[in-house]
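The lines below spell out each chain.
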Amino acid sequence: MVNVNEDGKVYIKLLLWGCAGSGKTTAVDTLHKMAKEEDSESNLTPINDFKKIAMENGSTLYFDRGVFQSKSEKNLFYHIYTVAGQDRFFPLRKKIFYGTDGIILVFDSQRSNRDRNINSLKELKNICGEDLISKIPLLIMANKQDLPNTMRKEEIYQILDENNLIYPPDHKLNIWNPIVYETIALWDKKYNIYPLFAELVRRTTLYQLYDK
């Protein structure tokens, strides 16, 4: 739910969803560092410290949040949240989801986590209902591509298709089918992180225009 203040500032909520340990927090942390670099390709400027609420082992305890301002459209602000992926935090994930304008579903691409990824996807579908893709844009982050024995994007597209998240060419939502980005979220190996977020920003903005 895009919020517009009386002063004309627009606040858009973006959410990273995925199973525990998939790299959600690492991805936003890397984006935050990229946006702080003067010569960065990023069109985003961080306007606060990246807030992390974590357990002793580093896993997200409640949620993480980063706030970014568009460099080209100064009245646009993006609140980027991550959810805690552990099963016991399902009620909290539902609360954090409220008001979300765009979603990145983070896959831990290691084949050993295939079922956990699918369960996370199905949980997201249940929460979003018919709004997923039709009203809330969805992108997929196939993370940890630096590790051996990982799923590639072709296999993940198949999973999306089996879960009715790929529309045929003659469907009106076909142009909004999720894009799978193969990524590495680690700062020193970062790959495809900013293009992923830039596309979500683009789609979220277009969704609001179409909605109006």
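Just so you know, the residues in each chain are numbered from 1, in the order the chain's sequence is written. Local features are withheld for residues below a pLDDT of 70 in this predicted model, meaning they are given only at 70 or higher, and side-chain atom pairs are given and counted only at 80 or more; totals for whole chains, interfaces and linings count all residues. Think of the side-chain values as coming from all heavy atoms in the structure, minus any hydrogens and water.

**Concerning unusual backbone geometry**
- Even without a glycine there, the phi angle at Asn164 is positive, about 60°.
- Only DSSP runs of H or I with at least four residues qualify as helices, and only runs of E with at least two residues qualify as strands; both kinds are numbered from the N terminus onward. Note that Asn164 resides in the loop between helix 4 (153-162) and strand 9 (180-182).
- Each residue is placed in one exposure class: buried if its accessible area under a 1.4 Å probe, protein chains only, is under 20% of its type's maximum, exposed if it is over 50%, and partly exposed if it falls in between. Judged by relative accessible area, which is 58%, Asn164 ranks as exposed.
- Positive phi values are uncommon outside glycine, yet Asn192 reaches one of about 70°.
- On the secondary structure map, Asn192 appears in the loop between strand 9 and helix 5 (193-211).

**Details of the pattern of salt bridges**
- When a carboxyl oxygen of Asp or Glu is within 4 Å of a side-chain nitrogen of Lys or Arg, the pair counts as a salt bridge. Under the defined criterion, the tally for this structure stands at nine salt bridges.
- In this structure, Arg111 and Glu155 form a salt bridge, with 2.5 Å as the shortest nitrogen-oxygen distance. With Arg111 in the loop between strand 7 (102-108) and helix 3 (114-128) and Glu155 in helix 4, the pair connects residues that are 44 residues apart, well separated along the chain.
- Judged by relative accessible area, which is 36%, Arg111 ranks as partly exposed.
- For Glu155, a relative accessible area of 23% translates into the label partly exposed.
- For Glu182, the salt bridge is made with Arg152, and the minimal N-O distance between the two is 2.9 Å. Placement of the pair is Glu182 in strand 9 and Arg152 in the loop between strand 8 (138-143) and helix 4, with a sequence separation of 30 residues.
- You can call Glu182 buried: its relative accessible area is 13%.
- Owing to a relative accessible area of 42%, Arg152 belongs among the partly exposed residues under this scheme.

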